[in-house]
Amino acid sequence: MAFDDESYKLPSEEAEEHAKSRSLTTSGPVARYKNPLVGIRVLGFLLMDLYGKSSPILGQGPYRRLCKEGSSCLREESGDKASVALQELGLHYRNHLMRVFRSNAGPRPASSAHVSRPSFDVARGQTLMDIKDVSNKKSSPRDQALLRDGYKCTLCGYYDQTCVDTYPEVYSNYDAQPEKKQAYTEVAHILSESVQDGGDDYAAAVFTILKMFNLEEQAKGLYGAGVNGLQNVITMDDNTYEICGVNLDTLPIPFKSNRITFTVDASAAAHAEAMGVTIPLPDRTMLALRAACSRVARMSGAAEHIDLILREREDITVLADDGSMADLLSFCLTTAQPRALQAQG
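Here is a short report on the structure shown in this document. Because the structure is predicted, anything quoted here is derived from the model rather than measured. (Residues numbered from 1 in each chain as written. Predicted model: local features only at pLDDT ≥ 70, side-chain atom pairs only at ≥ 80, totals over all residues. Heavy atoms only, no water.)

Some remarks on the overall build of the protein
Moving on, step 1. Along its length, the protein carries 18 helices and four strands.
Moving on, step 2. When burial is assessed residue by residue, the protein has 48% of its 345 residues classed as buried.
Moving on, step 3. Look at the contacts in the protein between residues 6 or more apart in sequence, and 73% of them connect residues 24 or more apart.
Moving on, step 4. When the accessible surface of the protein is split by element, carbon and sulfur atoms take 51% of a total near 16800 Å². (Helix = DSSP H or I, 4+ residues; strand = E, 2+ residues; numbered from the N terminus. Buried < 20%, exposed > 50% of the residue type's maximum accessible area, 1.4 Å probe, protein only. Contact = heavy atoms within 4.5 Å. Areas by Shrake-Rupley, 256 points an atom, 1.4 Å probe, with all protein chains shown as cover.)

Here's what the structure looks like:
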């Protein structure tokens, strides 16, 4: 690992070895929630990804920002203390950035089959009005994403089974396809809805990181109800959603060799133009950041740590009086409060 900022460098071997030695001396809750080896690997892999795969879309701003934060740790500390500071920096990104790019994929509520379900034209018109006026929404994020994406999965092209059965117009498009494939679909969030679950302080910490990565406009658009906006959701069939709804970079084999292009369905675009409505596409920079976080989480071991911590947090109803849950409580408090990151220069 080398920080591209003046002469402040920390060889990857030195950082890794120090983290390994620390991890060998820790056990129990500390090893599960604050593993120094995971922290330093998160930082190292994130630096490499931001410099390499992610830079064509995200630019060099996020990489340079992370370099400055790492260099600040080295300015303020030396020796083992500097290594510990870098490990804590990596854990901070695990807690506040990677965690919210791991959505809790669950089954969607069953669709209503009531006979009074509105006609296709009425439903489309209401959805377009909701897209235009975010303060008065009657349609769900899923409805809006389906309209934009042509009532089918954006990755494999399978038509939504409920819409095929409900709307003759959608059935006609489905029936015209050489391979008639349909499935139940889900709405996948790029930035997880869970960012709002930790309260205003936690959301503020996440959005602060996005701003530091030159994603201020995206952060503004995602705050509050914006997390369900069309720029943050994608239609996926349920099987694909189970595979990559949590790790958006983990696509099924047929998609890995192909470039996926997001477009607004032609019919929806025409009706939107007639109504003076703009239909947003998924934000490519947020997609790139989520993919980066997913890659880093898997390579560093942070993915398993995050899942373990979230499971244990949900399972615990009473804190043990022997102090064994102190580190889990500390993690929960840390992820609920913003941390001021100082980067000199």
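Following the structure, the description resumes.
What about the packing of helix α3 (residues 36-51) against helix α5 (residues 61-76)?
Moving on, step 1. Orientation of α3 relative to α5, taken along the N-to-C sense of each, is 150°, at an axis distance of 8 Å. Here α3 lies roughly antiparallel to α5, going by the angle between them. α3 and α5 meet at a crossing whose hand is left-handed. Between α3, through Leu43, Leu46, Leu47, Leu50 and Tyr51, and α5, the contact on the second element is made entirely by Pro62, Tyr63, Leu66 and Cys67.
Moving on, step 2. For the contact of α3 with α5, the class distribution of residues is nine nonpolar, no polar and no charged. (Axes fitted to C-alpha atoms, helices over the stretch in contact; angles between N-to-C directions. Parallel < 35°, antiparallel > 145°, perpendicular 65-115°, else oblique. Left-handed = near helix turned anticlockwise from the far one by under 90°. Nonpolar A, V, L, I, M, F, W, Y, C, P; charged D, E, K, R; others polar.)

Comments concerning helix α8 (residues 141-148)
Moving on, step 1. Most of α8 is tucked away: six of the eight residues are buried.
Moving on, step 2. The set of residues buried in α8 consists of Arg142, Gln144, Ala145, Leu146, Leu147 and Arg148.
Moving on, step 3. Just beyond α8, the residue with positive phi is Gly150, at close to 75°.

Quick notes on the packing of aromatic side chains
Moving on, step 1. For the structure on display, the rule yields four aromatic pairs.
Moving on, step 2. Centroid distance Tyr159 to Tyr174: 6.1 Å. Interplanar angle 70°. Geometry classified as edge-to-face. Of this pair, Tyr159 sits in strand β1 (residues 159-160) while Tyr174 sits in helix α10 (residues 168-175); the two residues are 15 residues apart in sequence, bridging distant segments of the chain.
Moving on, step 3. Residue classification places Tyr174 among the buried residues on the basis of a relative accessible area of 9%.
Moving on, step 4. Three or more aromatic residues link up through ring pairs in this structure, and these residues are Tyr159, Tyr171 and Tyr174. (Phe/Tyr/Trp six-rings, centres within 6.5 Å; stacked < 30°, edge-to-face > 60°.)

A short note on the pairing of strand β4 (residues 233-237)
Moving on, step 1. With five of five residues buried, β4 is to be regarded as a mostly interior element.
Moving on, step 2. Burial along β4 is two-sided: Val233, Thr235 and Asp237 facing one way and Ile234 and Met236 facing the other are all buried.
Moving on, step 3. Two strands pair when backbone bridges link them, and strand β3 (residues 185-189) and β4 are joined in this way by five bridges, in the antiparallel orientation. What sits directly across from His189, in β4, is Val233. (Pairing = 2+ DSSP bridges.)

Quick word on the packing of α5 against helix α6 (residues 79-98)
Moving on, step 1. For the pair α5 and α6, the least separation of the axes is 8 Å and the interaxial angle reads 145°. Where α5 crosses over α6, the two elements pack in a sense that is right-handed. Contacts between α5 and α6 involve Leu66, Glu69, Gly70, Cys73 and Leu74 from the first element and Ala82, Ala85, Leu86, Leu89 and Tyr93 from the second.
Moving on, step 2. Among the residues making up the contact of α5 with α6, the classes are represented as eight nonpolar, one polar and one charged.

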